[in-house]
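Tertiary structure, described
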Amino acid sequence: MVRDVRNLKAELRRAVEQSLVLLGVEEPVDVPVQPTPPDRPGDYGTPVAFTLARVLRRPPAELARELAARVCPPAGVAGVEAVGGYVNFTVGAAELVRAAAEPLRPPAPVGRRVLVEHTSVNPNKELHVGHLRNIALGDAVSRILRYAGYEVQVLNYIDDTGRQVAETLFALERYGLRYDGVTKYDHWVGQAYVRLHREMEDPRLREELEAGVRAVLHRLESGELRSEVERVLRAQLDTMWRLGAEYDALVWESDLVREGLLQQALALLEHTPYVQRPREGKYAGALVMDTSSFVQGLEDPYLVLVRSDGTATYPAKDIAFQFWKMGLLQGLGFRPFAQQPSGRLLYTSHPEGDRSVGFGGCEETINVIDATQSYPQRVVRAALAVAGRPDLAEVAHHLAYETVTLEGRRISGRRGHTVSVDEVLDEAHRRARAVVAEKNPEHPDPESAAEQVGIGAVRFAMVRTEPRRQIDFRWEQALSFDGDSGPYVQYAHARAASILRRAEEAGVLAEEADFAQATEYERPVARTLLDFPDAVAAAAAQRTPHVLAQYLLDLAAAWNAYYNARHPDGSPATPVLQAPPGLRGARLALVRQVRDVLRTGLELLGVPAPEVM
RNA sequence: GCGCCCGUAGCUCAGAGGACAGAGCGUUGGCCUCCGGAGCCAAAGGCCGCAGGUUCGAAUCCUGCCGGGCGCGCCA
């Protein structure tokens, strides 16, 4: 009996391989088994005859016919036929539905630790739609890898010693601002930042402002202003949590420096032939790394790690962090920071933290950072190679996504050309609320449904396309509730859940399935259901959620088509609750699986799956 | 200038070297005798940027060109 599609495909492959021997093929040949296109006979097929044609010097169609005649198909396969040069297999409807209805089993643990860093927003202003893409991608990839069996650490890097934070805190001081308690705190603080930048345009003030910023920077480095930064961070976290993103730990840049990780990283690099301290010329007195063997296309391959005044550059800190992530360096203590909405504890690095809390030291890393940072990310990988670990450089991935533009222009927080995540979510909620009121006026909890649909629309829009593609943020597109959208998939899920609810009310939910009664109408949904493990595996392997998003659209479409199917005379072809006993059980099993796969898939994307919407 | 990424239907996008290139939006026309119409069915719409090459087979791989985005600081 066929258990699931992985077995099925593997069994088909084996059967074909055995028949190859009968044809006199001795050399091992790769036998691809793929689903047949719609409107073609069969469910799965192989083009192996084309490969063979070359070796055996015979026409592919002829070989396909011979293969089809000799192959001994596994149990449950109802037919084998040659279609042109392809050999196609038809699985019986009963077997197909039975296999598709088999309960989901998550993949086994792979025993590999992966560290995903995402979000990493400067703690000095509210989140904008560019950050939205980062969070949606990073959170989805983390969930997918965890499901795929990896041990995943999700980190959010807090750049608390950066210029942007210094400018903001300086602005608050300079203008003597007091929090009004009304505006969300990160938005309020962001206004001070924008105001300072307006003032900085005046060349007469530049020196005075610069000195002020530098003074704050020093206080930040000493850790003196940590609680100020933390206050902004907590406001930002509310937005991240509202989106459904959660983290395992926050890593503060100041901790990285204070714990000496930066110095250790530099020490690792310093005695390699690639790193030098020139006595004269352009880089006199600085510590520089020659990246020419690792990064192409640079006029000047020398990268400054330590300035001639003794201060470290940003790339140096990045390198130290990366070394720690991959276990080249140890250190950093952690302690609990907050309880997240799901109950999961969020840790933070801290000078008084517990050093035995085991973050870092992963075998593979994924840095979710936009594509404009590709060069610094290559430098980070180069540093691993310089430190004698080219093997680690291979698995230090940069999940590079293209930036989000706004009306075709680059987002700029400073110039106010931006849309905040909070604003987007509020508007999404408002629009979804209106639709719920219209479509489902009896809804028991319309506010909660509107929130779930709004978030779902926004997050799905951010992950449905390939990360490398630039996207222009448009309200109608990001907040679309029909067509290829999050709510479309959510609706398909709610519809399946609704049928199961009614089945339970009618007392037929536990009815035994008689798969032998399965019809041709079930075939497309069943086949699509069987593709789920492949979709997740592909998303994990390629480290991109869009593969899974596209799959869920396919499944929702197949399920909706099934739901609406009619006989040629126009009468409903696929009633579930009114189907004859046995067939009803089989259809309920299929509907349950549709609901479970949609729910699981949506969860992996971080899109809520409401039962009623 | 050099390097990286992207060019697929009017628009927004899928498409791990395999079967006549697929969705959504928009346009046109249909579907409430069923369990949710945020849905379904159908039609129209394509030199897959251009030109070569590799291959039994190319939207997919290679080379060149064209168009667009980004990067190339002792900034972060």
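Higher on the page you've got the structure.
To start, this report covers the structure provided alongside it. (Residues numbered from 1 in each chain as written. Chains lettered and ligands numbered in written order. Predicted model: local features only at pLDDT ≥ 70, side-chain atom pairs only at ≥ 80, totals over all residues. Heavy atoms only, no water.)

Residues in contact with RNA strand B amount to 73 residues; listed here are only the nearest, Arg54, Tyr86, Arg307, Lys439 and Tyr491. The contact atoms of RNA strand B, taken as those within 4 Å of the protein, divide so that sugar and phosphate hold 64%. Here a base nitrogen of RNA strand B and a side-chain polar atom of glutamate 299 are 3.3 Å apart. Among the secondary structure elements, those contributing two or more residues to the surface near RNA strand B are α2 (48–56), β4 (86–91), α15 (421–439), α18 (486–505), α20 (532–542) and α21 (546–563). If one sorts the elements of the surface near RNA strand B by residue count, α18 sits on top with seven residues. Its residues assigned to classes, the surface near RNA strand B shows 30 nonpolar, 23 polar and 20 charged. (Near = heavy atom within 4 Å. Polar contact = N/O pair within 3.5 Å; in protein donor to acceptor, adjacent residues only side chain to side chain. Helix = DSSP H or I, 4+ residues; strand = E, 2+ residues; numbered from the N terminus. Nonpolar A, V, L, I, M, F, W, Y, C, P; charged D, E, K, R; others polar.)

We now examine the pattern of salt bridges. Enumeration over the complete set of coordinates arrives at 44 salt bridges. With its nearest N and O atoms 2.3 Å apart, the salt bridge here joins arginine 355 to glutamate 259. With arginine 355 in the loop between β12 (345–349) and β13 (364–370) and glutamate 259 in the loop between α10 (253–258) and α11 (261–270), the pair connects residues that are 96 residues apart, well separated along the chain. On the accessibility criterion, arginine 355 (55% relative accessible area) is exposed. For glutamate 259, a relative accessible area of 21% translates into the label partly exposed. (Salt bridge = Lys/Arg side-chain N within 4 Å of Asp/Glu carboxyl O. Buried < 20%, exposed > 50% of the residue type's maximum accessible area, 1.4 Å probe, protein only.)

Moving on: the sheet that holds strand β3 (residues 77–83). Pairing within the open sheet is antiparallel, and its four strands lie in the order β1-β2-β4-β3. Looking at which strands have only one partner, the edges of the open sheet turn out to be β1 (34–35) and β3. Bridge count between β3 and β4: six bridges; the pairing is antiparallel. Its bridge partner being in β4, alanine 82 is matched across the sheet by valine 87. Of the strands in this sheet, β3 and β4 touch helix α3 (residues 60–70), which is tilted by about 165° from β3. (Pairing = 2+ DSSP bridges. Contact = heavy atoms within 4.5 Å. Axes fitted to C-alpha atoms, helices over the stretch in contact; angles between N-to-C directions.)

Closest axis-to-axis distance for the helix α16 (residues 446–463)/α18 pair is 7 Å, and the angle between their directions is 130°. The angle between α16 and α18 places the two elements in the oblique class. Contact residues: α16 offers Gln452, Val453, Gly456, Ala457 and Phe460, while α18 offers Gly486, Pro487, Val489 and Gln490. Class assignment for the residues of the contact of α16 with α18 results in five nonpolar, four polar and no charged. (Parallel < 35°, antiparallel > 145°, perpendicular 65-115°, else oblique.)

Turning next to the environment of glutamine 191. One can find glutamine 191 in helix α7 (residues 185–200). Judged by relative accessible area, which is 48%, glutamine 191 ranks as partly exposed. As a C-alpha pair, glutamine 191 and glycine 138 span 53 residues in sequence and 28 Å in three-dimensional space.

Aromatic ring pairs are described here by two measures, namely the spacing of the ring centres and the angle between the planes. By the definition in use, this model includes 16 aromatic pairs. Measuring from centroid to centroid gives 6.0 Å for phenylalanine 321 and tryptophan 324, while their planes differ by 20°, and the two rings are stacked. Of this pair, phenylalanine 321 and tryptophan 324 both sit in helix α12 (residues 314–325), three residues apart, which is roughly one turn of that helix. Looking at phenylalanine 321, the relative accessible area reads 1%, which means it is buried. Tryptophan 324 sits in the buried class, given a relative accessible area of 2%. Aromatic pair tryptophan 324 and phenylalanine 334: ring centres 6.1 Å apart, planes at 35°, arrangement tilted. (Phe/Tyr/Trp six-rings, centres within 6.5 Å; stacked < 30°, edge-to-face > 60°.)

All right, on to the sheet that holds β12 then. As summarised here, the arrangement of the seven strands in space is β11-β12-β7-β6-β5-β13-β14, forming an open sheet in which the pairing is mixed. The two strands at the open ends of the sheet, each matched to only one other strand, are β11 (334–339) and β14 (396–401). Sheet twist, expressed as the mean angle between neighbouring strand axes with direction ignored, is 25°. Pairing of strand β7 (residues 249–252) with β12 involves two bridges; the strand directions are parallel. Its bridge partner being in β12, alanine 249 is matched across the sheet by tyrosine 347.

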